[in-house]
2 protein chains.
Amino acid sequence: MQRYFVAKEQMTDHNVQLVGEDVKHIVKVMRMDLGDKIVCSDNDARTVICTISSYSDKEVIAEIIEELHPETELPVKVTIAQGLPKGDKLDYIIQKGTELGATAFLPFSASRSIVKWDEKKADKKIERLEKIAKEAAEQSYRERIPVISNVFSFQKLLQQLSAYDVVIVAYEESAKAGEKAQLAQVLSKALPGQNILIVIGPEGGITEDEVASLTEHGAILCGFGPRILRTETAALYALAAISYHFELMR
Amino acid sequence: MQRYFVAKEQMTDHNVQLVGEDVKHIVKVMRMDLGDKIVCSDNDARTVICTISSYSDKEVIAEIIEELHPETELPVKVTIAQGLPKGDKLDYIIQKGTELGATAFLPFSASRSIVKWDEKKADKKIERLEKIAKEAAEQSYRERIPVISNVFSFQKLLQQLSAYDVVIVAYEESAKAGEKAQLAQVLSKALPGQNILIVIGPEGGITEDEVASLTEHGAILCGFGPRILRTETAALYALAAISYHFELMR
C-alpha cells in the first residue's frame, strides 16, 4: 500500500487530509480512486490505514479504518554526523541512511571537506535533502522522517557531542590497525532509547587534530571492519550493524 | 599507498610487473617516479609493498621490499545472487558489495526483473562490472577481486544452491511480519570458511513461486530488519551484518 507522511494537524481521530505534492501523487501518479486504500503516518505516534473518501486537485480526504503499530524505528536513535562529501554522495547517504533507520543527519564541514556550502543556497539544499528523506521514509515504512540539520562547523559539532549518550567515530586507522572489537563493545553497552552519534569524515578522512578533539570530548574511535570503506559506505555499515545488533540479535 | 592487482605471473619472488591501464595510472594519473612505493596484490595469497625501479609507457617494474598479510577478506565467503535490477543499480551493488567484502556476484533473471540482458552485450557488461569490482577492491584494500558471473536463469540459480553451505533469501514479507531473529540464528550456526549465498530479488521482490522453489532447495528466508529496504540496499545490509557478526563481535 502506498504510504504518505502528513502533518499532525492533518490527521484527526477519523480522517486524514492530504495536500500539495501528495494530492498530485495520489490522483495523477497513482491514479487512485474513491475507496482505494493508503497508509498515512503523522511522523510521530500514529500510522493508519485509510480509504480515500473524496478528492479534488487541492486535497484528498481519507477515512481512517485501522490504526497500525508498525514498530519500524530502530530501538536506539542514531544521528549520522557526516563530513561534507563531494558530488551527490550526501543525497545517497540520506536516502540509504533513512532506509536503514537513521533518526537524524548532521552534515558538518570537516578540514578535508572540499565542498563548501553557499549560505544562500543552503536552505534550498536542505529542502531537497528533506524530500529525499521523506520519500525514503515512506518507501521503507518508517514511522518518522529523519531530521536534517544545516551544515555545522567542526567546533559546533564538538559542542553538540554532550547531547548524545554515545559518540562513535568511524576511524580508518583503527581498521588498518586491525582493531576489531570496539564497535561491538560500545553497542553492547548502549541501551534502547539512547542517542548514538556516528561521526564520519569526508573523502580524505578526519584529521589527527579532529580525532584528538573528538576523543577529548568523549568520542570512541571504532573500525568498521578491516576493509577501507568509502565515506558514503561507512554510515550504511554503522546503521546495518546497529540494526543487526539491536533488532536481529534478540 | 596506491594499490594494484596484478596477475600471478606478473609477480615473482623479487619483482612485480605492471602493464596496461595500471601503467597509465601510475605514470600519467599518479605521476609517480622511481623509488615511489605502491602495494601490489596477486589476487590470491600475496600482497606486497614495492618500489618502482623502472618504467616505460608499456610497463612498470617494481621491486618487492615487503610481504604484507592484510587479512582484509571476510572469514566467510559471501556470494550475492542479485535479481537483475533497473538502471545502474547493479554497478552500485558491485562497488559497495566489494567494499563490504563480497566474494562473488551472481546476477540472475528473476520473474520480476524488468531488465533483460542482451546476450551480445553481456560480455561487455561483465567486463565493465569487473572493472568496477577491481577498482573497489583496490580502494578498500581487498586481497581478492570478487568474481562476477554472467546472468543466470532462475532455474540455473536453483541448480547452484547445493554448492553453498548456507543459502539465505532476503524476504520482505519476513520483515513485514516482524520476523527478527532468523538471520542472526543462521549466522550463529555458520562457520568461518563456509560459503554463504544471499539471494535478493529485483525491485518488485521475488515471487511466491520463486520463494517456494528456493525453500524446497534448502534456502532460509530472513528479514533484514523491520524496514523495507530497496533491492540495492539489501545486499549491503547483509554484508555489513555478516562483517559485524564475524569480524567485530569477537
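Residues numbered from 1 in each chain as written. Chains lettered and ligands numbered in written order. Predicted model: local features only at pLDDT ≥ 70, side-chain atom pairs only at ≥ 80, totals over all residues. Heavy atoms only, no water.

## Here we look at the overall build of chain A
Within chain A, the secondary structure is distributed over 8 helices and 12 strands. Here the C-alpha atoms of chain A give a radius of gyration of 20 Å, agreeing with the 18 Å that 2.2 N^0.38 yields for 250 residues. Projected onto its principal axes, the C-alpha positions of chain A cover 60 × 45 × 30 Å. Relative to its full complement of 250 residues, chain A shows a buried share of 56%. Excluding contacts between residues fewer than 6 apart, the proportion of contacts in chain A whose partners are at least 24 apart in sequence is 74%. Carbon and sulfur atoms make up 50% of the accessible area of chain A, which totals about 11,000 Å². (Helix = DSSP H or I, 4+ residues; strand = E, 2+ residues; numbered from the N terminus. Rg over C-alpha atoms; globule rule 2.2 N^0.38 Å. Buried < 20%, exposed > 50% of the residue type's maximum accessible area, 1.4 Å probe, protein only. Contact = heavy atoms within 4.5 Å. Areas by Shrake-Rupley, 256 points an atom, 1.4 Å probe, with all protein chains shown as cover.)

## Comments concerning the UniProt feature "domain: Ribosomal RNA small subunit methyltransferase E PUA-like" (unreviewed entry) in chain A
The UniProt record annotates "domain: Ribosomal RNA small subunit methyltransferase E PUA-like" (unreviewed entry) at residues 20–65 of chain A. Each end of residues 20–65 of chain A is marked by a C-alpha atom, and these two atoms are 23 Å apart; helix forms 20% of the span and strand 46%. (UniProt positions renumbered as here; feature names shortened; annotations may be inferred.)

## Side note on the sheet that holds strand 5 (residues 59–68) of chain B
All names here are of chain B. Ordered by their spatial adjacency, 5 strands build an open sheet running 1-3-4-5-2, and the pairing between neighbours is mixed. A single partner strand is all that each edge strand has here, and the edge strands are strand 1 (3–5) and strand 2 (15–19). In this sheet, neighbouring strand axes are inclined to one another by 40 degrees on average, regardless of whether the strands run parallel or antiparallel. Across 3 bridges, the pairing between strand 1 and strand 3 (residues 37–41) is parallel. Paired with arginine 3 across the strands is valine 39, a residue of strand 3. (Pairing = 2+ DSSP bridges. Axes fitted to C-alpha atoms, helices over the stretch in contact; angles between N-to-C directions.)

## A look at the packing of aromatic side chains
Taken as a whole and judged by the stated rule, the model has 6 aromatic pairs over all chains. Between the aromatic rings of A:Tyr92 and B:Tyr92, the centroid separation amounts to 5.2 Å while the plane-to-plane angle is 80 degrees, which identifies the pairing as edge-to-face. In this pair, A:Tyr92 sits in helix 2 (residues 89–99) while B:Tyr92 sits in helix 2 (residues 89–99), so the two residues belong to two different chains. Taken as a pair, A:Tyr92 and B:Tyr92 share a single burial class, namely buried. For the ring pair B:Phe224 and B:Tyr237, a centre distance of 5.5 Å and an interplane angle of 10 degrees mean the geometry is stacked. Here B:Phe224, found in the loop between strand 12 (220–222) and helix 8 (231–248), pairs with B:Tyr237, found in helix 8; they are 13 residues apart in sequence, far enough to count as distant. Taken as a pair, B:Phe224 and B:Tyr237 share a single burial class, namely buried. Note that A:Lys156 overlies the ring of A:Phe152, its terminal NZ or CZ placed 4.2 Å from the centroid. Seen from the ring of B:Tyr141, B:Arg3 lies directly overhead, with NZ or CZ sitting 3.9 Å from the centre. (Phe/Tyr/Trp six-rings, centres within 6.5 Å; stacked < 30°, edge-to-face > 60°. Lys NZ or Arg CZ within 6 Å of the ring centre and 35° of its normal.)

## Comments concerning helix 8 (residues 231–248) of chain A
Here helix 8 of chain A spans 25 Å end to end across 18 residues, near enough to the 26 Å set by a 1.5 Å rise per residue. The buried count for helix 8 of chain A comes to 18 of 18 residues, which makes it a mostly enclosed element. (Expected span 1.5 Å × (residues − 1).)

## Looking at the interface of chain B and chain A
In many reports, interface size means the accessible area that the parts give up when they come together. Listed by partner, the interface residues are 42 residues for chain B and 42 residues for chain A. Buried area between chain B and chain A, both sides added, is near 3,600 Å², and the carbon and sulfur share of it is 56%. A per-residue breakdown of the area chain B buries against chain A is headed by B:Arg227, B:Tyr244 and B:Leu248, which together make up 22% of the total. Connecting chain B to chain A are 6 salt bridges. With a closest N to O distance of 3.0 Å, A:Glu99 and B:Arg230 form a salt bridge. One can count 25 residue pairs in polar contact (both at pLDDT 80 or more) joining chain B with chain A. (Buried area = accessible area lost by both parts, 1.4 Å probe. Salt bridge = Lys/Arg side-chain N within 4 Å of Asp/Glu carboxyl O. Polar contact = N/O pair within 3.5 Å; in protein donor to acceptor, adjacent residues only side chain to side chain.)

## Some remarks on the relation of the copies chain B and chain A
Rotating chain B by 180 degrees and translating it 0.0 Å along the rotation axis places it on chain A, where the RMSD comes to 0.0 Å. Taken together, these values place the two copies in the relation of a two-fold axis. Scanning chain B for the C-alpha nearest the rotation axis identifies B:Ala241, at a separation of 2.7 Å. When the interface residues of chain B are mapped onto chain A, 100% of them again lie at the interface, so the same face is used by both copies. (Least-squares fit on C-alpha atoms with pLDDT ≥ 70 in both.)

## Brief notes about the layout of surface pockets
The calculated volume of the largest pocket comes to roughly 1,000 Å³. Along the wall of the largest pocket there are 44 residues; nearest its centre are A:Gln139, B:Glu172, B:Ile228, B:Leu229 and B:Arg230. Every element with two or more residues in the lining of the largest pocket is listed here: strand 1 (3–5), helix 1 (21–29) and helix 3 (119–139) of chain A together with helix 5 (172–176) and helix 8 of chain B. Here the residues of the lining of the largest pocket sort into 16 nonpolar, 10 polar and 18 charged. Considering only enclosed or pocket space, the second largest pocket measures out at about 480 Å³ in volume. (1 Å grid on protein atoms, 1.4 Å probe; cavity = no way out; pocket = protein on both sides within 12 Å on 5 of 7 lines; lining within 4 Å. Points joined across faces, edges and corners; volume = space filled by probe spheres on them. Nonpolar A, V, L, I, M, F, W, Y, C, P; charged D, E, K, R; others polar.)

## Remarks on the sheet that holds strand 1 of chain A
Residues and elements named next belong to chain A. Pairing in this open sheet of 5 strands is mixed, and the strands run 1-3-4-5-2 from one edge to the other. With one partner strand each, in any of the chains shown, strand 1 and strand 2 (15–19) form the two edges of the open sheet. The sheet shows a mean angle of 40 degrees between the axes of neighbouring strands, direction not considered. In this fold helix 1 packs onto strand 1, strand 2, strand 3 (37–41), strand 4 (47–55) and strand 5 (59–68), with an angle of close to 95 degrees to the strand it touches most, strand 2.

## Some points on helix 2 of chain B
Residues and elements named next belong to chain B. Within helix 2, 9 of the 11 residues are buried, which leaves the element mostly enclosed by the surrounding structure. For helix 2, every residue scored as buried is listed here: Leu90, Asp91, Tyr92, Ile93, Ile94, Lys96, Gly97, Thr98 and Glu99. Directly beyond the C-terminal end of helix 2, a positive phi value near 105 degrees is found at glycine 101.

## A closer look at the domain arrangement of chain A
Residues and elements named next belong to chain A. Each assigned domain of chain A is listed here: domain 1 (3–68) and domain 2 (77–248). Computed over C-alpha atoms, the centres of domain 1 and domain 2 are 32 Å apart. Contacts between the two partners involve 9 residues from domain 1, matched on the other side by 8 residues from domain 2. Regarding the contact of domain 1 and domain 2, the summed buried area is about 820 Å², with carbon and sulfur atoms giving 48% of it. Considering only the surface of domain 1 that becomes buried against domain 2, Arg3, Phe5 and Asn43 emerge as the three largest contributors, covering 69% of it. The interface formed by domain 1 and domain 2 includes 2 salt bridges. (Domains from an automatic or database assignment.)

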